[in-house]
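Chain and residue survey
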Amino acid sequence: MHNVLNTQSITEDDIDWLALREEHVPRGIVTAHTLVVTKAKGSEVWGDDGRRYLDFVGGIGVLNVGHNHPEVVKAVQRQLENVSHACFQVVAYPPYIELAKRLNKVVGKGEHYKSVLFTSGAEAVENAIKIARSFTDRSGVIVFDGAFHGRTLLGCALTGMSQPYKQNFGPFPGDIYRIPYPNAFHGITPEDSLNALDKLFATQTLPDRVAAIMIEPVQGDGGFLPAPKAFMQALRDLTHKHGILLICDEVQTGFGRTGKMFGFQHSNITPDLITVAKSLGGGLPISGVVGKAEIMDSPTPGGLGGTYGGNALACAAALAVLDVLENERLLERSVKLGQQLEARLRQLAEKYACIGEVRGVGFMQAVEIVDYDTGKPDAALTEKILHCACDAGLLLIKCGLYRNTIRFLAPLVTTDAQLEEAMHIFDIALARGTGRLD
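Every residue gets a number counted from 1 within its own chain, in the order that chain's sequence is written. In keeping with the model being predicted, local features are shown solely for residues with a pLDDT of at least 70 and side-chain atom pairs are shown and tallied solely at 80 or more, while totals for entire chains, interfaces and linings include all residues. Only hydrogens and water are set aside when side-chain values are computed; all heavy atoms of the structure are taken into account.

A closer look at the overall build of the protein
Numbering of helices and strands runs from the N terminus, with a helix taken as a DSSP run of H or I at least four residues long and a strand as a DSSP run of E at least two residues long. What the protein contains, in helices and strands, is 13 helices and 17 strands. Taking 22 Å as the expected radius of gyration for a compact globule of 438 residues, we find that the protein reaches 22 Å, a close match to that expectation. Considered along the principal axes of its C-alpha atoms, the protein spans approximately 60 × 60 × 45 Å. Summary of the burial criterion: residues with accessible area below 20% of their type's maximum are buried, those above 50% are exposed, and those between are partly exposed, where the area comes from a 1.4 Å probe applied to protein chains only. In the protein, which comprises 438 residues, the share counted as buried stands at 54%. For the area figures, the Shrake-Rupley method with a 1.4 Å probe applies, and any residue is considered shielded solely by the protein chains shown. When the accessible area of the protein is evaluated, it comes to approximately 19,500 Å², of which 52% is carbon and sulfur surface. In this charge count, Lys and Arg are treated as positive and Asp and Glu as negative; neither His nor the chain ends contribute. Every charge is mapped to an atom, namely NZ of Lys, CZ of Arg, CG of Asp or CD of Glu. Between the mean site of the 42 positive side-chain charges and the mean site of the 49 negative ones, the protein shows a separation of 3 Å. It is over C-alpha atoms that the radius of gyration is taken, and the globule rule equals 2.2 Å times the number of residues to the power 0.38.

Next comes the structure, spelled out in structure tokens:
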């Protein structure tokens, strides 16, 4: 293939980035849309052809404060002039310590909490399991069907979907157990899940061998399924009873996505540990585990760490994100936007029989696409609708066990006008996808 990058007479505008991607990037990493973006701001991105798109994916929940928020940009620029990286295991630096303090305050609400910082959500999940096993001296971990906890080997083992995540990547780490996640649309009640947990204790492992139960307060990749409040409270009571730690995976639900700072707060419970990532960094890679000090101090010195964990630039960005969430009152904005989005999606559900259910919490909403006649999941139609939306200028992605759920993860800085524009485009995409509009 002709290497256009070495041809000086060809400008960047002439480069076929998708052809270069095909040649140089493995097929295992999928790009949902055949689009290359070169500019982004707020809730909008621009392709290499200059075309504007509304971004209702937000880096898969990474950009709650929007693309290139000015305060985040300024914070990173300031930090870059001081310390870009030093590795916290070698020397400490103020942004790491300050961010840990802020996270402890916002999660602990006055109790003594501690935080350790990493780079990716999967890394946070793995370390939460390490901390739980260290504290309890137990090895078992219970997770849920449809859960997504990362792409590392342990992350894949914890994840409750076989494809595309597990493929032939095994064998996976053991002593991991799975129960159904409540899903009213598919007939799984909270009682079904709790009964399955009782049966698991009777047939597979004793409660006193279980270190932790890990749950997403709203399942993300599993289909945007909110855990009922009573179910979360029942889990909290059960884990207290058996000395099991309750870990809330807040990687996607955290930092205002559900209308509260964290998803677990809707259930009036206090987990033992939470994992954070995605929108914490405002576009820079950072994650962490936040938990009760006694639990967090269980691993001995040297047991936790990572070269890039809590990178100084990412910490500076995260501190700016926390300021923006507070100063711009984005939690309140998430509630309002969520109400508007849900109302518009329900209007569309009345219009299009392919929308089987509208569900979500705050500005974390989704629609499940089904076959009109059978009511069964329709992945093919879902994909068609997504492509029609992209063609019309709206970026969305799918999720769910059957890949038939369309999720909305627009930044919390999205304007009312942008939201209405997106719903207009989505209406057109539904019409074209279902053949009602040529």
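Re the sheet that holds strand β2 (residues 44-47)
Note: two strands are recorded as paired if DSSP finds a minimum of 2 bridges between them. The strand order β1-β2-β3-β15 describes an open sheet built from four strands, whose pairing is mixed. One side of each edge strand has no neighbouring strand; the edge strands of this open sheet are β1 (37-41) and β15 (394-395). Contacts: residue pairs with any heavy atoms within 4.5 Å of one another. For helices, the fitted line uses only the C-alpha atoms of the stretch in contact; every axis is such a line through C-alpha atoms, and the angle between N-to-C directions lies from 0 to 180 degrees. Here helix α13 (residues 416-433) sits on the sheet and contacts β2, β3 (52-55) and β15; the angle it forms with β3, its principal contact strand, is near 100°.

Things to note about the sheet that holds strand β4 (residues 113-118)
As summarised here, the arrangement of the seven strands in space is β4-β12-β11-β10-β7-β5-β6, forming an open sheet in which the pairing is mixed. Two strands lie at the open edges of the sheet, namely β4 and β6 (176-179), each paired on one side alone. Across the sheet, the mean angle from the axis of one strand to that of its neighbour is 20°, orientation sign disregarded. Judged from the four bridges that link them, strand β7 (residues 210-215) and strand β10 (residues 245-249) form a sheet pairing that is parallel. Residue pairing for β10: Ile-215 is matched across the bridge by Cys-248. Along the sheet, helix α4 (residues 94-108) makes contact with β4, β11 (273-276) and β12 (287-292), crossing β4 at roughly 130°. Helix α8 (residues 229-242) rests against β5 (140-144), β7 and β10 of the sheet, and its axis sits at about 170° to β7.

A look at the packing of helix α12 (residues 379-391) against α13
Where α12 meets α13, the axes come as close as 8 Å, and the angle between the chain directions of the two elements is 130°. Considering their axes alone, α12 and α13 lie oblique with respect to each other. Here the hand of the crossing between α12 and α13 comes out right-handed. Of α13, the residues touching α12 (which contributes Leu-381, Lys-384, Ile-385, Cys-388 and Ala-389) are Ile-425, Phe-426, Ala-429, Leu-430, Arg-432 and Gly-433. A class-by-class count of the residues in the contact of α12 with α13 yields eight nonpolar, one polar and two charged. When an angle is under 35 degrees it counts as roughly parallel; over 145 it counts as roughly antiparallel; between 65 and 115 it counts as roughly perpendicular; any other value is oblique. Two helices cross in a left-handed way if the nearer one is turned anticlockwise from the farther one by less than a right angle. They cross in a right-handed way if the turn is clockwise. Gly falls in the polar group here, along with every residue not listed as nonpolar (Ala, Val, Leu, Ile, Met, Phe, Trp, Tyr, Cys, Pro) or charged (Asp, Glu, Lys, Arg).

Considerations on the pattern of salt bridges
Between Lys or Arg on one side and Asp or Glu on the other, a salt bridge is scored when a side-chain nitrogen of the former is within 4 Å of a carboxyl oxygen of the latter. Scanning the entire structure with this criterion turns up 18 salt bridges. Between Arg-407 and Asp-221 there is a salt bridge, and its shortest N-O distance comes to 2.9 Å. You can see Arg-407 sitting in strand β17 (residues 405-408) and its partner Asp-221 sitting in the loop between β8 (218-219) and β9 (225-226), a full 186 residues away along the chain. In this structure Arg-407 comes out as buried when scored by relative accessible area, which is 5%. Two residues, Arg-333 and Asp-416, come together in a salt bridge whose shortest N-O distance is 2.8 Å. Linking Arg-333 in helix α11 (residues 330-351) with Asp-416 in helix α13, this pair joins segments that are 83 residues apart in sequence.

As for the state of the cysteines
Put simply, a disulfide is two cysteine sulfurs that come within 2.5 Å. Here the structure, examined in full by the defined rule, presents zero disulfides. The closest cysteine sulfur to the non-disulfide-bonded Cys-315 is located on Cys-87, 12 Å from its own sulfur. A disulfide-free cysteine, Cys-388 has its sulfur positioned 10 Å from the sulfur of Cys-390, the nearest such atom.

Quick word on unusual backbone geometry
Here the residue pair Gln-163 and Pro-164 is connected by a cis peptide bond, since its omega of 5° sits within 30 degrees of zero. Tracing the backbone shows Pro-164 in the loop between α6 (153-158) and β6. Even without a glycine there, the phi angle at Phe-255 is positive, about 65°. With respect to the secondary-structure elements, Phe-255 resides in the loop between β10 and β11.

Regarding the packing of aromatic side chains
Only rings of Phe, Tyr and Trp enter the pairing, Trp through its six-membered ring, and a pair is recorded when the two centres are within 6.5 Å. The plane angle decides the type: under 30 degrees is stacked, over 60 is edge-to-face, the rest tilted. Enumeration according to the criterion identifies nine aromatic pairs in this entry. For the pair Phe-144 and Tyr-181, a centre-to-centre distance of 5.7 Å together with 85° between the ring planes defines the contact as edge-to-face. Taken as a pair, Phe-144 in strand β5 and Tyr-181 in the loop between β6 and α7 (190-203) lie far apart in primary sequence, 37 residues in all. Exposure class is identical for Phe-144 and Tyr-181. Each is buried. Relative to Tyr-165, the ring of Phe-148 lies with its centre 5.0 Å away and its plane at 55°, an arrangement referred to as tilted.

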